[in-house]
Amino acid sequence: MPSPLFADHPVPQPVERETVDALIARTRALRGDMEAVRQDSAVDDDEALRRWQRALCDLAVRQLDHLGVHLDQLRAGRPESPPADGRTENCPAEDGAAPDGRPSPDDPPRGQRHTLPACATGTTATGADLAPDRPERTAPPPGRVGSAEWNLLTDEVNWSAEMYEILGRARERGPMTLDEVPSLVFPDDQALLTGMVTDCLIDGKPIDGELRVVRADGQVRTVHLMGEPVVDADGCTASLWAVLRDVSALRRSERAVRESGRSVQRAQHIAQTEHRLVTELQEAVVPSWRGALRLSQSGPGALELAARHLPRAADSPNGGDWYDALELTGGDTLLTLGDLTGHGVAAASSMAMLLGALRGMAMAGVEPGALLGHLNQLLNVTEQPVLGSALCARYRPASGTLSWAQAAHPAPLLFRDGTGRALTPPDGVLLGATSGAGYEQAEVRLLPGDVLVLHTDGLTRDGDGTGTQRERLLALAPRMTGNRTAQEWVRAVDEEFGRAERSDDACVMAARIGGTTR
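What to know about the overall build of the chain
Here comes step 1: Along its length, the chain carries 10 helices and 17 strands.
Here comes step 2: Residues counted as buried form 47% of the 518 residues belonging to the chain.
Here comes step 3: Within the chain, counting contacts between residues at least 6 apart in sequence, those at least 24 apart form 69% of the total.
Here comes step 4: Counting every atom, the chain has about 24,600 Å² of accessible surface; 52% of that belongs to carbon and sulfur.

Right, here's the structure in full:
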């Protein structure tokens, strides 16, 4: 006999099979597109961001899978009930709740006694109902929906096959009475179940909530419970019907999205903090020149300097690149550039330590070659080993000579009379590569009007080693003829290289001999 309905509930009409088939086809196509997006998300270099993207894609795919299962059930029609004799038959994949979520009115009832007050007060059934059962499946397929109806007038209970699978109960034991159901619910959620059932039976409120249930095999699963009271022709509550959906996998996916999203936020916060610390540290130790640096020198051999730091990709932590100019006793000037391995706080702190040591030894009169030797030893004895390239040059305005040494660093470029060339570098190995390394020193005579362009290797690094980037620098010579200032030279280099998306940050310095007459 069909279950009575609320007066305002229309009799459910059969769905059009063609409409459901079209929805199924669209869902499958969307799932295929989502799989492609999930594959694309696996190639991101940011591990935290990749995990978050993958979790979102997994959640979307899982929800589409659930939607597909429900549409299949909708197309199949009403669910089948287990045999009255308790035989454990495998139900087809299409079985499930009817389109409106109610048990089929033609399902044969299963009689079980229940006591309403026990359920309403949250009384827990005996532990016998939690004895190990042996259902043919250890877990229900994702998205399966079970249905149940408890008749309050005849004490009959009717469960669909999926209800047994979701709750892990052997079918030969029959359905559970209404006051026995709380025995399966997680202790912390029993009060919630009691409240929902009480409000439903007494006040006619619909049931809609999530609970954790403990299956007979010990698994804790999250289920979504929906239901409402059914009244008879006299307006009295005749039965309680409900549908139960296992949403454990869906909630796990949502938790994965939340946790991975928090990981991305933490990573972003750490990156922003590190970027700020590195910037503050660099600003504290590296000169922040505005325009050309004017030294106390005078005469035709006076030096005019300008420099600039060219960062790598936006929002990326800077590395250990530096530039510096230091006036020494007697009017000489020490010019240094360098690049330490790594990025972030570790590289910036190593750079600050190295630059401090370099300045102190230079003020003590140590020449460029010997100075690099001492820096090499310093990097070899630090607790956190680091490698780096560096160039040290001492300019003597009285004689117009430049003494310089390098440690695996690009040689200075000398521009004179509209042409440019790279100076021949003296021998020198990477700082920190080997203990006790020696560094040769070279000397070149500079003339008024000469321009030296010094830079770190991040500016001209070639992936194929062809040296084309350095040729681009030398090609600036014809464009920079005339009485160009050091600041104009730096600006020209920035315009040529600063707009590019580089993999490493870089520093560039221009030194013009004889100052400027402008």
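Examining helix α1 (residues 17-40)
For an α-helix, the turn length of 3.6 residues means that residues three or four places apart are oriented alike.
Here comes step 1: Between its first and last C-alpha atoms α1 spans 35 Å; for 24 residues at 1.5 Å apiece the expected length is 34 Å, and the two agree.
Here comes step 2: Those residues of α1 lying buried are Val 20, Ile 24, Thr 27, Met 34 and Arg 38.

Things to note about the packing of aromatic side chains
Here comes step 1: Overall, the coordinates contain 2 aromatic pairs when judged by the stated rule.
Here comes step 2: Judged by centre distance (5.1 Å) and plane angle (65 degrees), the ring pair of Trp 159 and Tyr 164 falls under edge-to-face. Residue Trp 159 shares its accessibility class with Tyr 164, and that shared class is buried.
Here comes step 3: Arranged with centres 4.6 Å apart and planes meeting at 45 degrees, the rings of Phe 415 and Trp 489 form a pair that is tilted. Highlighted residues: Phe 415 in strand β13 (residues 413-416) and Trp 489 in helix α10 (residues 486-497), separated in sequence by 74 residues.
Here comes step 4: Here the basic side chain of Arg 472 rests over the ring of Phe 497, its NZ or CZ set 4.4 Å away from the ring centre.

Some remarks on the packing of helix α7 (residues 345-363) against helix α8 (residues 368-381)
Here comes step 1: Where α7 contacts α8, the two axes come as close as 10 Å, and the packing angle between them is 145 degrees. Viewed along their axes, α7 and α8 form a crossing whose handedness is right-handed. Contact residues: α7 offers Met 353, Leu 354, Ala 357, Leu 358, Met 361 and Ala 362, while α8 offers Leu 371, His 374, Leu 375, Leu 378 and Leu 379.

Let's talk about a positive patch on the surface
Here comes step 1: A cluster of like positive charges, contributed by Arg 252, Arg 255, Arg 258, Arg 262 and Arg 266, occupies part of the molecular surface.
Here comes step 2: Turning to its location among the elements, Arg 262 is positioned in helix α6 (residues 248-285).
Here comes step 3: Take Arg 262: its relative accessible area is 41%, and that puts it in the partly exposed class.

Concerning the side chain of Glu 304
Here comes step 1: Inspection of the secondary structure assignment puts Glu 304 in strand β8 (residues 303-310).
Here comes step 2: As a buried residue without a salt bridge, Glu 304 has its nearest oppositely charged side chain in Arg 512, at a separation of 4.5 Å.
Here comes step 3: There is a polar contact of 3.4 Å between the side chain of Glu 304 and the backbone nitrogen of Ala 486.

A few points about the nonpolar core
Here comes step 1: Core analysis: the largest hydrophobic core is formed by 26 residues, its most contacted members being Trp 150, Trp 159 and Leu 225.
Here comes step 2: Elements supplying a minimum of two residues to this core: β2 (145-151), β3 (156-159), α4 (161-167), α5 (190-203), β4 (207-214), β5 (220-231) and β6 (237-246).
Here comes step 3: Of all the elements, α5 adds the most residues to this core, at 5 residues.
Here comes step 4: Every residue in contact with Leu 225, bar those within four places of it in the chain, is listed here: Leu 193, Met 196, Ile 207, Asp 208, Gly 209, Leu 211, Ala 242, Val 243 and Leu 244.

Remarks on the pattern of salt bridges
Here comes step 1: Summed over all chains, the structure comprises 19 salt bridges.
Here comes step 2: We note a salt bridge from Arg 212 to Asp 189, for which the minimum N-O separation is 2.9 Å. With Arg 212 in strand β4 and Asp 189 in the loop between α4 and α5, this pair connects stretches of sequence that are 23 residues apart.
Here comes step 3: Residue classification places Arg 212 among the partly exposed positions, given a relative accessible area of 30%.
Here comes step 4: With a relative accessible area of 11%, Asp 189 lands in the buried category.

Some points on the environment of Cys 507
Here comes step 1: Summarising the element assignment, Cys 507 is placed in strand β17 (residues 506-513).
Here comes step 2: Given a relative accessible area of 1%, Cys 507 falls into the buried group.
Here comes step 3: Taking the C-alpha atoms as reference points, Cys 507 and Arg 308, separated by 199 residues in sequence, lie 5.9 Å from one another.
Here comes step 4: When neighbours within four sequence positions are excluded, Cys 507 is seen to be in contact with Arg 308, His 309, Asp 321, Trp 322, Tyr 323, Leu 337, Leu 454, His 455 and Thr 456.

Regarding the side chain of Arg 169
Here comes step 1: Structurally, Arg 169 is set in the loop between α4 and α5.
Here comes step 2: From its side chain, Arg 169 meets the backbone oxygen of Arg 173 in a polar contact 3.5 Å long.

Remarks on the confidence of the model for the chain
Here comes step 1: With 72% of its residues at a pLDDT of 70 or more, the chain has an overall mean of 76.
Here comes step 2: This model gives residues 1-12 a pLDDT under 50, and the stretch forms 18 contacts once residues within four places in sequence are excluded.
Here comes step 3: Contacts for the low-pLDDT stretch residues 81-141, under 50 throughout, to residues beyond four places or in other chains number 156 contacts.

Some points on the pairing of strand β16 (residues 451-455)
The side chains of a regular strand alternate, first on one face of the sheet and then on the other.
Here comes step 1: Counting buried positions along β16 yields 5 of 5 residues, so the element is predominantly enclosed.
Here comes step 2: Burial of the side chains of β16 extends over both faces: Val 451, Val 453 and His 455 are buried on one face and Leu 452 and Leu 454 on the other.
Here comes step 3: In terms of strand pairing, β13 meets β16 through 3 bridges, oriented antiparallel. Note on β16: the bridge partner recorded for Leu 414 is Leu 452.

A short note on the pairing of β4
Here comes step 1: The alternating pattern of β4 places Ile 207, Gly 209, Leu 211 and Val 213 on a buried face, while none of Asp 208, Glu 210, Arg 212 and Val 214, on the opposite face, is buried.
Here comes step 2: One ladder, built from 8 bridges, connects β4 with β5; its direction is antiparallel. If you follow Arg 212 over to β5, its bridge partner there is Thr 222.
Here comes step 3: Count of turn residues in the β4/β5 antiparallel hairpin: 5 residues, of which Gly 218 carries a positive phi of about 90 degrees.

What counts and what doesn't
- Residues numbered from 1 in each chain as written.
- Predicted model: local features only at pLDDT ≥ 70, side-chain atom pairs only at ≥ 80, totals over all residues.
- Heavy atoms only, no water.
- Helix = DSSP H or I, 4+ residues; strand = E, 2+ residues; numbered from the N terminus.
- Buried < 20%, exposed > 50% of the residue type's maximum accessible area, 1.4 Å probe, protein only.
- Contact = heavy atoms within 4.5 Å.
- Areas by Shrake-Rupley, 256 points an atom, 1.4 Å probe, with all protein chains shown as cover.
- Expected span 1.5 Å × (residues − 1).
- Phe/Tyr/Trp six-rings, centres within 6.5 Å; stacked < 30°, edge-to-face > 60°.
- Lys NZ or Arg CZ within 6 Å of the ring centre and 35° of its normal.
- Axes fitted to C-alpha atoms, helices over the stretch in contact; angles between N-to-C directions.
- Left-handed = near helix turned anticlockwise from the far one by under 90°.
- Patch = residues over 30% accessible without salt bridge, like charges linked within 9 Å, V, L, I, M, F, W, Y side chains within 5 Å.
- Salt bridge = Lys/Arg side-chain N within 4 Å of Asp/Glu carboxyl O.
- Lys, Arg positive; Asp, Glu negative; His and termini not counted.
- Charge placed at Lys NZ, Arg CZ, Asp CG, Glu CD.
- Polar contact = N/O pair within 3.5 Å; in protein donor to acceptor, adjacent residues only side chain to side chain.
- Core = buried A, V, L, I, M, F, W, Y, C linked by side-chain atoms within 4.5 Å.
- pLDDT = per-residue confidence, 0-100.
- Pairing = 2+ DSSP bridges.

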